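# Structure assessment
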Protein chains: 2
Amino acid sequence: MSTSDFSKITVGVIGLGLMGGSFAKRFKEIGNRVIGINRTKSAEEEALRMGIIDSADPKDLKECRIVVSCTPEKATKAFLEENLSLLARDAILTDIAGVKDGFADIAESLILPTQDFISGHPMCGREGAGLSQASADIFKGANYIVIPRKSNRKENVALIEEMIRALGCAHAPAVTAHEHDEIIAYTSDLPHAAAAALMNSASYRKDTNRFTGGSFRDETRVADINEELWTSLFLSNRENVLTEIERFEAALETLRRAIEEKNEDSIRTFLSEAGRRRREWDSHGSSEYGSRERIVQD
Amino acid sequence: MSTSDFSKITVGVIGLGLMGGSFAKRFKEIGNRVIGINRTKSAEEEALRMGIIDSADPKDLKECRIVVSCTPEKATKAFLEENLSLLARDAILTDIAGVKDGFADIAESLILPTQDFISGHPMCGREGAGLSQASADIFKGANYIVIPRKSNRKENVALIEEMIRALGCAHAPAVTAHEHDEIIAYTSDLPHAAAAALMNSASYRKDTNRFTGGSFRDETRVADINEELWTSLFLSNRENVLTEIERFEAALETLRRAIEEKNEDSIRTFLSEAGRRRREWDSHGSSEYGSRERIVQD
């Protein structure tokens with residue numbers, strides 16, 4: 001299906017914050033009709049004014065083949081419990097939550113047998129929050145994890161994958177909820193934990209910013225963290241997060257011991273392997289920001 | 001002294017790699033006359049062809065009030081031992097090495113009493129290596145640490161600070177060599193160690209790049225590391241680096257324990273403090289890249 005075919009679909013967006021607003025903006029860019037609703041009317045009115053949604057009338061959700069829920073798990077659950085009748089009989093509901101655990105079971109128990117819940121996790125975002133920070137470009141070249149279940153209709157999974165492609169993402173790897181939670185504990189939870197720990201070192205001072213360059217800047221960027229969201233994510237994915245912190249500590253300990261023992265060869269080997277892996281990570285050009293052309297200060 | 005006053009000075013650059021080439025490019029942009037020399041003739045010829053140096057004749061170093069050595073410590077020492085007579089009687093020699101230790105003592109023992117060695121550390125750079133990667137923009141908004149000694153003439157220290165301002169840097173904090181090595185163990189050595197450890201986790205897989213976003217990308221950027229240089233830096237600054245790794249591990253352990261004990265308040269407090277510090281770090285706008293406007297994928 002080409003992007004122009006996908007644009008024929010009417011899509012719904014629940015939650016018009018940074019992520020929901022970005023979905024809406026991008027869908028409008030592609031040419032989809034977009035129904036968008038939000039807890040507060042002000043965001044709906046702003047989205048209408050911006051032209052990134054065509055309607056904020058909940059009754060129009062009935063036109064939507066795909067509905068993207070960009071709200072926390074609890075709110076998605078509450079929406080299904082209270083507003084299921086608003087959805088089309090063949091609607092595909094998808095979410096963007098950062099931990100999958102057993103939510104799909106809950107969602108499936110609430111929707112109709114003719115509907116599908118297909119979980120998703122766009123590995124992209126933007127600093128800040130709210131509709132004013134939304135951007136159609138966040139999906140460009142990004143990864144977007146899909147979690148199809150045996151109970152999902154194949155054509156619905158294919159449609160979600162079309163959506164991901166139309167958004168501009170580079171990859172849509174399909175894994176189980178269990179695998180998802182294991183993997184993103186390494187690729188997302190751990191980097192956030194490490195960034196926070198870097199900032200919280202006893203060595204931090206008010207004038208640290210007079211002595212830093214690009215390495216410190218880039219490694220602590222996500223330390224400006226939404227503490228409610230991430231406390232919840234760390235606890236929801238607790239076992240996997242603990243595993244990843246321990247594995248990270250083990251790797252760091254290898255380097256620390258090599259430095260302590262003045263073992264030049266061991267240090268060199270460690271750093272050489274890190275470089276090899278990083279270049280391998282970057283070799284698929286998985287995001288346009290993998291480019292080496294950026295000027296950085298170090 | 002304004003930038004236009006600084007441009008009246010003839011400057012020398014020893015070593016025409018990425019950093020030396022960047023200094024030369026920026027000096028030319030400002031309007032200085034630049035004498036540049038390199039171990040290999042090909043880089044000198046390329047620099048002349050690019051118009052980023054005015055002369056590659058070592059005899060012209062005699063015109064230079066400031067000479068920036070952009071080579072490793074050993075090469076700077078060798079240059080002083082073999083070519084001191086090429087320098088002006090009142091020349092100020094400065095370097096860019098990442099660890100200061102006792103090098104200033106060595107340099108001082110080799111130069112004339114009428115000359116000065118004032119160590120420096122520009123906290124900026126660029127991925128890659130070599131003259132082809134040089135850029136005049138790396139200094140913009142960057143930090144550039146200066147290490148004045150009691151034996152340095154005040155007017156020479158002031159001139160180096162003028163140079164740093166003319167390059168476009170935001171801050172030129174002055175510290176002792178000892179303080180420098182302590183501080184950059186946190187601000188530079190540790191981020192490189194952490195980035196390498198992140199890549200070297202047992203969890204890394206060939207397809208990890210299908211599941212990552214901006215946090216992993218940014219935190220592992222410097223893991224594509226020059227293993228010779230960094231093995232040397234880690235060993236040269238060994239005690240301080242070990243201290244910083246231990247402090248980082250202690251901070252991470254605080255978070256790990258809080259997650260293990262399911263202590264929501266402790267996790268939230270930890271993350272909240274990390275956010276507070278990161279915003280404080282960013283509040284002086286210490287680099288143009290401190291801006292939140294950048295679109296990132298997470």
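Criteria and cut-off values
Residues numbered from 1 in each chain as written. Chains lettered and ligands numbered in written order. Predicted model: local features only at pLDDT ≥ 70, side-chain atom pairs only at ≥ 80, totals over all residues. Heavy atoms only, no water. Salt bridge = Lys/Arg side-chain N within 4 Å of Asp/Glu carboxyl O. Helix = DSSP H or I, 4+ residues; strand = E, 2+ residues; numbered from the N terminus. Buried < 20%, exposed > 50% of the residue type's maximum accessible area, 1.4 Å probe, protein only. Least-squares fit on C-alpha atoms with pLDDT ≥ 70 in both. UniProt positions renumbered as here; feature names shortened; annotations may be inferred. Pairing = 2+ DSSP bridges. Domains from an automatic or database assignment. Buried area = accessible area lost by both parts, 1.4 Å probe. Polar contact = N/O pair within 3.5 Å; in protein donor to acceptor, adjacent residues only side chain to side chain. Nonpolar A, V, L, I, M, F, W, Y, C, P; charged D, E, K, R; others polar. Phe/Tyr/Trp six-rings, centres within 6.5 Å; stacked < 30°, edge-to-face > 60°. Contact = heavy atoms within 4.5 Å. Axes fitted to C-alpha atoms, helices over the stretch in contact; angles between N-to-C directions. Parallel < 35°, antiparallel > 145°, perpendicular 65-115°, else oblique. Left-handed = near helix turned anticlockwise from the far one by under 90°. Expected span 1.5 Å × (residues − 1). Core = buried A, V, L, I, M, F, W, Y, C linked by side-chain atoms within 4.5 Å.

### Re the pattern of salt bridges
Residue and element names in this part refer to chain A. Under the definition given, this model contains 63 salt bridges over all chains. The partner of Arg33 in a salt bridge is Glu63, with the nearest N and O atoms 2.7 Å apart. With Arg33 in strand β2 (residues 33-37) and Glu63 in the loop between α3 (41-50) and β3 (66-69), this residue pair connects regions lying 30 residues apart in the sequence. Its relative accessible area of 37% is what places Glu63 among the partly exposed residues.

### Quick look at the relation of the copies chain A and chain B
Once turned by 180° and shifted 0.0 Å along the axis, chain A lies on chain B with an RMSD of 0.0 Å. Classification of the inter-copy transformation places it as that of a two-fold axis. By C-alpha distance to the rotation axis, the residue of chain A lying nearest is Glu219 of chain A, at 2.3 Å.

### A look at the UniProt feature "coiled-coil region" (unreviewed entry) in chain A
In this numbering, the UniProt entry assigns the feature "coiled-coil region" (unreviewed entry) to residues 238-265 of chain A. This span, residues 238-265 of chain A, is 89% helix and 0% strand, and a straight line between its end C-alpha atoms measures 36 Å.

### Notes on the sheet that holds strand β4 (residues 92-95) of chain A
All names here are of chain A. Spatial strand order, β2-β1-β3-β4-β5: 5 strands in an open sheet with parallel pairing. At either end of the open sheet lies a strand with only one pairing partner, and these are β2 and β5 (116-117). Summarising the sheet, strand β1 (residues 10-14) and β2 pair through 5 bridges and their orientation is parallel. Opposite Ile14, over in β2, you have Ile37 as the bridge partner.

### A look at the pairing of strand β6 (residues 119-122) of chain A
Side-chain positions along a regular strand alternate between the two faces of the sheet. Residues and elements named next belong to chain A. Both faces of β6 are covered, namely the face carrying Ser119 and His121 and the face carrying Gly120 and Pro122. Pairing analysis gives 4 bridges linking β6 to strand β7 (residues 144-147), with the strands arranged antiparallel. Its bridge partner lying in β7, Pro122 is registered against Tyr144.

### Some words on the domain arrangement of chain A
Residue and element names in this part refer to chain A. The domains assigned to chain A are domain 1 (3-175) and domain 2 (180-284). When each unit is reduced to the centre of its C-alpha atoms, the spacing between domain 1 and domain 2 is 31 Å. Both sides together, the interface formed by domain 1 and domain 2 hides about 800 Å², and carbon and sulfur atoms give 67% of it. Our count for the domain 1 to domain 2 interface comes out at 0 salt bridges. For the pair domain 1 and domain 2, the interface holds 2 residue pairs in polar contact (both at pLDDT 80 or more). Taken together, the residues of the side of domain 1 that touches domain 2 break down into 5 nonpolar, 2 polar and 3 charged.

### Quick word on the packing of aromatic side chains
For any pair of aromatic rings, geometry is given as the distance between the ring centres together with the angle between the planes. Scanning all chains against the criterion turns up 17 aromatic pairs over all chains. Residues Phe248 of chain A and Phe248 of chain B carry aromatic rings whose centres are separated by 6.0 Å and whose planes lie at 90° to one another, so their mutual orientation is edge-to-face. Note that Phe248 of chain A is positioned in helix α10 (residues 238-260) and Phe248 of chain B in helix α10 (residues 238-260), a pairing that runs across two chains. This pair shows no difference in class: Phe248 of chain A is buried, exactly as Phe248 of chain B is. Ring centres of Phe23 of chain B and Phe27 of chain B lie 6.0 Å apart, and the angle between their planes is 35°; this geometry places the pair in the tilted category. Highlighted residues: Phe23 of chain B and Phe27 of chain B, both in helix α2 (residues 18-30), separated by 4 residues, approximately one helical turn.

### Description of the environment of Lys262 of chain A
Secondary-structure assignment places Lys262 of chain A in the loop between α10 and α11 (264-282). Among the residues examined, Lys262 of chain A registers a relative accessible area of 56% and is labelled exposed. C-alpha of Lys262 of chain A to C-alpha of Leu229 of chain A: the two residues are 33 residues apart in sequence and 42 Å apart in space. Contacts of Lys262 of chain A, omitting those with residues within four sequence positions, involve Leu235 and Arg238 of chain B.

### What to know about the interface of chain A and chain B
Between chain A and chain B, the residue contacts involve 104 residues of the former and 104 residues of the latter. Taking both partners together, chain A and chain B bury about 11,000 Å²; carbon and sulfur atoms supply 58% of that area. Connecting chain A to chain B are 8 salt bridges. Linking chain A with chain B are 50 residue pairs in polar contact (both at pLDDT 80 or more). Of all elements in the fold, only α7 (177-199), α8 (214-220), α9 (227-236), α10 and α11 of chain A reach the threshold of two or more residues within the side of chain A that touches chain B. The dominant element in the side of chain A that touches chain B, judged by the number of residues it contributes, is α10 of chain A, at 16 residues. Classifying every residue of the side of chain A that touches chain B gives 45 nonpolar, 25 polar and 34 charged.

### So, the packing of α10 of chain B against helix α11 (residues 264-282) of chain B
All names here are of chain B. At their nearest, the axes of α10 and α11 sit 8 Å apart, and the two run at 150° to each other. Taken together, α10 and α11 sit at an angle that is classed as roughly antiparallel. The handedness of the crossing between α10 and α11 comes out as left-handed. Touching Ala251, Thr254, Leu255, Ala258 and Ile259 of α10 are Ser266, Ile267 and Phe270, all from α11. A breakdown of the residues in the contact of α10 with α11 according to their chemical character gives 6 nonpolar, 2 polar and no charged.

### Description of helix α2 (residues 18-30) of chain A
Here α2 of chain A spans 18 Å end to end across 13 residues, near enough to the 18 Å set by a 1.5 Å rise per residue. Counting buried positions over the 13 residues of α2 of chain A gives 10, a clear majority of the element.

### What to know about the nonpolar core
Membership of the largest hydrophobic core comes to 64 residues, with the highest contact counts inside it found for Phe234 and Phe248 of chain A together with Phe234 and Phe248 of chain B. Mapped by element, the contributors of at least two residues to this core are α7, α9, α10 and α11 of chain A together with α7 (177-199), α9 (227-236), α10 and α11 of chain B.

### Some points on the side chain of Arg268 of chain B
Its place among the elements puts Arg268 of chain B in helix α11. Polar contacts involving the side chain of Arg268 of chain B include one to the side chain of Glu228 of chain A, which spans 3.0 Å. With sequence-adjacent residues up to four places away left out, Arg268 of chain B is seen in contact with Glu227, Glu228 and Thr231 of chain A.

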